[in-house]
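# Structural overview
One-letter residues, chain by chain:
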Amino acid sequence: MTRRAAIAAPNSSATQAGVHALGSGGNAVDAAIAAMVTATATEPGIVSPLGGAFINIWPVDGDPVVIDGNVEMPGRGAAPERFGKGLIECVTTYGGGLTTYAGPGSVAIPGMFAGMGLAHERFGAAPWGELLGNAATLAADGFQLSHTAASYFELVAHSIFAWDPDTRRIYTNDAAAWEPGHEIRDDSLVATLRQIGEEGAASVYTGDIAARIVADMSERGGLITARDLADYRPVARKPLRTRLNGWELACNPPPAIGGPVLTAMLRLIGDVSGPVSPEHAARVMKDVLDLRLHRVDVADDLEAAGHELLETIAAMGAVGLPTSPDTAHVSVVDSDGNACAITASAGYGSGMYVGGTGMLGNNALGEPELNRRGLHALTPGTRMASNMSPTTARHPDGTVLSIGTPGADRITTALLQVLLHFCLHGETLQYAVDAPRLHVRHLDDGTVRIDHEASETLLEALTDLRAADAQTAVPLHAHEPHSMYFGGVGAALRAPDGELTAASDPRRDAATVVG
């Protein structure tokens, strides 16, 4: 009997791929993999196949596990003069102003396919070739540029996506943004997806595709070597566990940063009775993000620093703490009660059309927020920092939740607010996703401000916060309602009676299906 599932994904092509995976005998993990691979092929600029991913799986008959397929620092065996090269500075107005680096030198070792391969090997039920083949078929038919991708291209088409002639030709209108709905088709990408489906994920790391990636990187000044790809290994990690109003949540563990930060915020809030106010949430965000900025982001050992963050919160309790682009997400819960949440990221994009494969490279080495110790400062082979925090959760009454979001450093604060609305306040899942959000932002000049969506309720609460606490009297910056800046949460839910529902975020183009 074919399983049913609730699927939340970036677009309808991705949800269609997930439903096809179920029809091929798949479960939540297969559906999530198929949907995410399709999203990486049909959401250019937002995410790409040569990125990193975390796959949070909570099987109905076992403990949760997170497959770490995040990107790594490249450069094993590379000549010293290759470091510090191949970077193109790009200034955009995204999020009120952002400087990032594109180019071959911004591309980290991709881990998404390796992570998905391990997840499928351990938990999948449908044939791997079916998952990739359907994604290829959907891409081959051509896809319409989403409003989300088109909005991003308006900011970066002339910079990040204009320097490489192939990227410029396919994804821009001669360095200008295409309008939403413009049809895009790339036969090279379709052929590559089919090849990975036939040969397995290993093709990206030791096969023909790997050879093409390495040759292009060597020719154009990138850091990735054959040793980098051959030595890459996905890692199965024990997730961080925490409780909220009876719910048990499993979050992305260190060395990722996102999961420990989200867990820290949830633990600092603790077992409160009654709703958490916006001003209380803002204080918690500021306390945890202050500690992250000064202790975690600059640490030599991200895994140790992530655990230290949680230990500090356990020691401090509720008294307080010492202060000192882009992603895509898929959530699936199937009728058996399996949950899978995948968040994948290519950063803000390198703009590099890699090795004629049709796959665009990530720019993880060029994201300032992930490289606070400096560009190309890490030792080759180091698993890089990440804000991604795909989360699964279970309630004693049998309810199962899969949830996550894109949004860089807004990932954790967006998820915190949705989980508070849903798990603590008891509001519906869609209301929790729709509700106005805020984010405590550390600016490049060392100051702090609170970004918030235009909402009378939020503005009143934050004004009261500033008046009551001089230490937290930071500037406020209003965004329009349902701003893309605050992420794009996708969630899937199975109720105790087996009813399946999914919720998508109005802040970005997204799709849900129960199939």
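Higher on the page you've got the structure.
First, a word on what this report is: a plain description of the structure on this page. For clarity, every value in this text was computed on a predicted model and none was experimentally measured.

Spatially, β9-β10-β15-β16-β20-β21 is the arrangement adopted by the six strands of the open sheet, whose pairing is antiparallel. The open sheet is flanked by β9 (240-244) and β21 (500-503), the only strands paired with a single partner. In this sheet, neighbouring strand axes are inclined to one another by 15° on average, regardless of whether the strands run parallel or antiparallel. The pairing of strand β15 (residues 391-394) with strand β16 (residues 400-404) spans four bridges and is classified as antiparallel. Across the sheet, T391 pairs through a bridge with I403, a residue of β16. Sheet strands in contact with helix α13 (residues 411-424) are β9, β10 (247-251), β15, β16 and β20 (490-494), and its direction is about 155° off that of β16.

With that out of the way, let us pick up the environment of E199. Inspection of the secondary structure puts E199 in helix α7 (residues 187-199). Note on E199: relative accessible area 45%, which makes it partly exposed. Here the side chain of E199 touches S203 through a polar contact of 2.7 Å, side chain to side chain.

The next point concerns unusual backbone geometry. Between P254 and P255 the backbone carries a cis peptide bond, its omega angle lying at 15°. Positionally, P255 belongs in the loop between β10 and α10 (258-269). One non-glycine residue, D174, lies in the positive phi region at around 55°. With respect to the helices, strands and loops of the structure, D174 is situated in the loop between α6 (165-171) and β7 (183-184). For H376, which is not glycine, the phi torsion reads 60° and is therefore positive. Locating H376 in the fold gives a position in the loop between β14 (359-360) and β15.

Applying the stated criterion across every chain, the model contains five aromatic pairs. Their ring planes at 80° and their centres at 6.4 Å tell us that Y152 and F161 sit as a pair that is edge-to-face. Judged by its relative accessible area of 1%, Y152 falls in the buried class. Centroid distance W247 to F422: 5.7 Å. Interplanar angle 55°. Geometry classified as tilted. Taken together, the ring pairs in this structure connect Y152, F153 and F161 into an aromatic cluster. In this arrangement the basic side chain of R410 is found over the ring face of Y485, its NZ or CZ atom lying 4.1 Å from the centre.

What counts as what
- Sequence order sets the numbering: in each chain, residues are counted from 1 along the sequence as written.
- Only residues with pLDDT of 70 or above have their local features reported here, since the model is predicted, and side-chain atom pairs are shown and tallied only from 80 upward, although totals for entire chains, interfaces and linings are computed over all residues.
- By convention in this description, side-chain values take in all heavy atoms of the structure and omit both hydrogens and water.
- Between any two strands, at least two bridges found by DSSP are needed for them to pair.
- Per the convention used, a helix needs a DSSP run of H or I reaching at least four residues, while a strand needs a run of E reaching at least two, with both numbered from the N terminus.
- To obtain an axis, a line is fitted to C-alpha atoms, over the contacting stretch when the element is a helix, and the angle between two such axes runs from 0 to 180 degrees between their N-to-C directions.
- Should any heavy atoms of two residues lie within 4.5 Å, those residues are considered in contact.
- Only protein chains enter the area calculation, which uses a 1.4 Å probe; residues under 20% of their type maximum are buried, those over 50% are exposed, and those in between are partly exposed.
- What qualifies as a polar contact is a pair of N or O atoms within 3.5 Å, subject to a donor-acceptor requirement within protein and to the restriction that residues adjacent in sequence count only when both atoms come from side chains.
- Only the six-membered ring of Trp is used, alongside the rings of Phe and Tyr, when aromatic pairs are assigned; centres must lie within 6.5 Å, and planes under 30 degrees apart are stacked while those over 60 apart are edge-to-face, with the rest tilted.
- A ring has a charge above it when a Lys NZ or an Arg CZ is no more than 6 Å from the ring centre and no more than 35 degrees off the ring normal.

Honestly, that's just the spatial picture; any functional story needs more than this.
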